[in-house]
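Okay, here's what each chain looks like letter by letter:
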Amino acid sequence: MTKFKLEYIWLDGYTPVPNLRGKTLIKEYDSFPTLEDLPDWGFDGSSTQQADGSNSDCVLKPIRVFVDPARKNGALVLCEVMNPDGTPHASNKRATILDDDGTWFGFEQEYFFYKDGRPLGFPEHGYPEPQGKYYTGVGFKQVGSIARQIVEEHLDLCLECGINHEGINAEVAKGQWEFQIFGKGSKKAADEMWMARYLLERLTEKYGVDIEYHCKPLGDTDWNGSGMHANFSTEYLRTVGGQDYFEALMKAFEENLEDHIAVYGPDNHMRLTGKHETAPWNKFSYGVADRGASVRVPHSFIKNGYKGYLEDRRPNSQGDPYQIASQILKTVASVPTAASAAA
Ligand code: ADP
Ligand code: MN
Ligand code: MN
Ligand code: MN
């Protein structure tokens, strides 16, 4: 028997952006535990804005388990928060989202490294060289000394624990980076995004650097904000598609603009201004290879006869990938396909 360190991880009750929380349970197993081997556990919800002090017990229900590459005999146990009666807690958005294995999501998480209240690499007073050469840049002048070290270590952690990490790049602003997570199904993709965020947060502890996820940390200046572009494709879009269907889909996106913006992350009006590779938040648009549109249509999509994936560029860096994926699925499901129209 081996004593395993099980890190139970959950989202707390803070709004509009939940925090990641975790605590460790030691338990003996013959070999690395499967989901079925892991018991429900509890925590004090009155300390996480999930319960009153008088009735504070919340339940942690394991839903995914990963090897913890940073800990000897460690497991990362992603959980949903439940009420004692077994119903999903109000803060548990995952429990009720739309999910479909045939719909694939690729999230591009942008974020800033922050130290001493400013982006990593910013001087104490004033600004560094304007943005231009930082995106995909190389060299101390562009990316500094420890950012890439953190990014690389984070990448290795994600790959070692089996997260479907797809890539990294230095972003447009100084101190800003991106990683991409891909998954088949809302829950799979979003679970892995939350786990990747957890691993990044935990990693920064030893570097004394913070992650700033706000979508426009430098406000109304000539510095880019942070998004979490949601690339998506349904089975129908990948295999049938077509111009008529595509146009009907975009019309549905336009009609449901408010429902999308409502779950695309807080303060998005600060970021979706029409500048800095964004479209204004209150006007829906789409365009081929257009990074100033709400939805970017890749060249390959048109070349393949309106088939493939689309990129909704509006979700931001603090958005909840569960709710973002679910809203996209909801709008897609409202549009009849040729097959459903014929039925
Ligand atoms: P860019 O920075 O040019 O917008 P990235 O390479 O950063 O693009 O991200 C593209 C994303 O698209 C990746 O996360 C990838 O997983 C995702 N993607 C590629 N093909 C598909 C597909 N068929 N369905 C859903 N997502 C996809
Ligand atoms: Mn990208
Ligand atoms: Mn980007
Ligand atoms: Mn993108």
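All of these numbers come straight from a predicted model, not from anything done at the bench.

*Asks:* So what's going on with the overall build of the protein chain? Residues and values would help.
*Replies:* Helix and strand counts for the protein chain stand at 10 helices and 14 strands. For 343 residues, the compact-globule estimate of 2.2 N^0.38 gives 20 Å, and the C-alpha radius of gyration of the protein chain, at 21 Å, lies within 12% of that figure. Counting only C-alpha atoms, the protein chain reaches 60 × 60 × 40 Å along its principal axes. With 343 residues in all, the protein chain has 52% of them scored as buried. Counting contacts in the protein chain only where the partners sit at least 6 residues apart, residues at least 24 apart contribute 66% of the total. Total accessible area computed for the protein chain in this model is approximately 15500 Å², and 49% of it derives from carbon and sulfur atoms.

*Asks:* Account for the coordination of the manganese ion (ligand 4), naming residues and giving values.
*Replies:* Donor atoms from the polypeptide that coordinate the manganese ion (ligand 4) comprise Glu 108 (OE), Glu 108 (OE), His 229 (ND1) and Glu 311 (OE), at 1.9 to 2.4 Å from the metal. Coordination of the manganese ion (ligand 4) draws on donor residues from a single chain, spaced E-x120-H-x81-E in sequence. In this structure, the manganese ion (ligand 4) lies 3.9 Å from the manganese ion (ligand 2), and both are coordinated by Glu 108. You can see His 229 sitting in strand E11 (residues 228–233) and its partner Glu 311 sitting in strand E14 (residues 310–312), a full 82 residues away along the chain.

*Asks:* For the packing of aromatic side chains, give the residues involved together with the corresponding values.
*Replies:* What the rule picks out here adds up to 20 aromatic pairs. On the numbers, 6.2 Å between centres and 35 degrees between planes, the contact of Phe 253 with Phe 284 is tilted. Of the two residues, Phe 253 sits in helix H5 (residues 243–255) while Phe 284 sits in the loop between helix H7 (268–271) and strand E12 (286–288), which places them 31 residues apart along the sequence. Using a relative accessible area of 0% as the deciding quantity, one classes Phe 253 as buried. In textbook terms, an aromatic cluster arises when at least three aromatic residues are bridged by ring pairs, as seen for Phe 122, Tyr 127, Tyr 134 and Trp 223. Above the face of the Trp 194 ring, Arg 197 is positioned so that its terminal group lies 4.5 Å from the ring centre.

*Asks:* Tell me about the pattern of salt bridges, and name the residues and values.
*Replies:* If you walk through the whole model with that rule in mind, you get 16 salt bridges. A salt bridge links Glu 277 to Arg 313, with the nearest nitrogen and oxygen atoms 4.0 Å apart. Of this pair, Glu 277 sits in the loop between H7 and E12 while Arg 313 sits in the loop between E14 and helix H9 (321–333); the two residues are 36 residues apart in sequence, bridging distant segments of the chain. Residues joined by salt bridges that share partners form a network here, namely Arg 64, Glu 80, Arg 94, Lys 188, Asp 191 and Glu 192.

*Asks:* Would you mind going over the environment of Lys 303 in detail, with residue names and values included?
*Replies:* Mapped onto the fold, Lys 303 is located in helix H8 (residues 299–303). Overall, Lys 303 belongs to the exposed group, its relative accessible area being 71%.

*Asks:* If you had to explain the site of ligand 1 to someone new, which residues and values would you point to?
*Replies:* In the neighbourhood of ligand 1, 14 residues make up the surrounding shell, with Glu 108, Glu 166, Glu 178, Ser 233 and Glu 311 lying closest. Take Glu 108: an N or O atom from its side chain is 3.0 Å from an oxygen atom of ligand 1. Starting from 580 Å² of accessible surface for ligand 1 in isolation, the protein chains cover 75%. Contributions of two or more residues to the shell around ligand 1 are made by strand E6 (104–115), strand E9 (176–184) and E11. Residue classes in the shell around ligand 1 are distributed as 4 nonpolar, 4 polar and 6 charged.

*Asks:* Quick one: what's the story with the coordination of the manganese ion (ligand 2), residue by residue and with numbers?
*Replies:* Ideal geometry at a metal centre: 109.5 degrees between donors when four sit tetrahedrally, and 90 or 180 degrees when six sit octahedrally. Only Glu 108 (OE) and Glu 178 (OE) from the protein reach the manganese ion (ligand 2) as donors, at distances of 2.2 Å. Taken as a pair, the manganese ion (ligand 2) and the manganese ion (ligand 3) lie 3.7 Å from each other and share Glu 178 as a ligand. With a gap of 70 residues between them, Glu 108 in strand E6 and Glu 178 in strand E9 connect regions that are remote in the sequence. For the pair shown, Glu 108 and Glu 178 are each scored as buried.

*Asks:* Which residues make up the nonpolar core, and what values go with them?
*Replies:* Among the nonpolar cores identified, the biggest contains 67 residues, and Phe 107, Tyr 111, Phe 113, Ile 163, Leu 249, Leu 310 and Ile 328 are the most heavily contacted of them. When residues in this core are grouped by element, the largest group, 10 residues, is from helix H3 (residues 186–204). Filtering out sequence-adjacent residues up to four positions away, Phe 107 remains in contact with Phe 179, Gln 180, Ile 181, Ala 189, Ala 190, Met 193, Met 228, His 229, Ala 230, Pro 321, Ile 324 and Ala 325. Phe 4, Leu 25, Tyr 29 and Cys 58 belong to the second largest nonpolar core, which has 14 residues in total.

The rules behind each value
- Residues numbered from 1 in each chain as written.
- Chains lettered and ligands numbered in written order.
- Predicted model: local features only at pLDDT ≥ 70, side-chain atom pairs only at ≥ 80, totals over all residues.
- Heavy atoms only, no water.
- Helix = DSSP H or I, 4+ residues; strand = E, 2+ residues; numbered from the N terminus.
- Rg over C-alpha atoms; globule rule 2.2 N^0.38 Å.
- Buried < 20%, exposed > 50% of the residue type's maximum accessible area, 1.4 Å probe, protein only.
- Contact = heavy atoms within 4.5 Å.
- Areas by Shrake-Rupley, 256 points an atom, 1.4 Å probe, with all protein chains shown as cover.
- Donors = N, O, S within 2.8 Å, 3.2 Å for Na, K, Ca; no water.
- Phe/Tyr/Trp six-rings, centres within 6.5 Å; stacked < 30°, edge-to-face > 60°.
- Lys NZ or Arg CZ within 6 Å of the ring centre and 35° of its normal.
- Salt bridge = Lys/Arg side-chain N within 4 Å of Asp/Glu carboxyl O.
- Near = heavy atom within 4 Å.
- Polar contact = N/O pair within 3.5 Å; in protein donor to acceptor, adjacent residues only side chain to side chain.
- Nonpolar A, V, L, I, M, F, W, Y, C, P; charged D, E, K, R; others polar.
- Core = buried A, V, L, I, M, F, W, Y, C linked by side-chain atoms within 4.5 Å.

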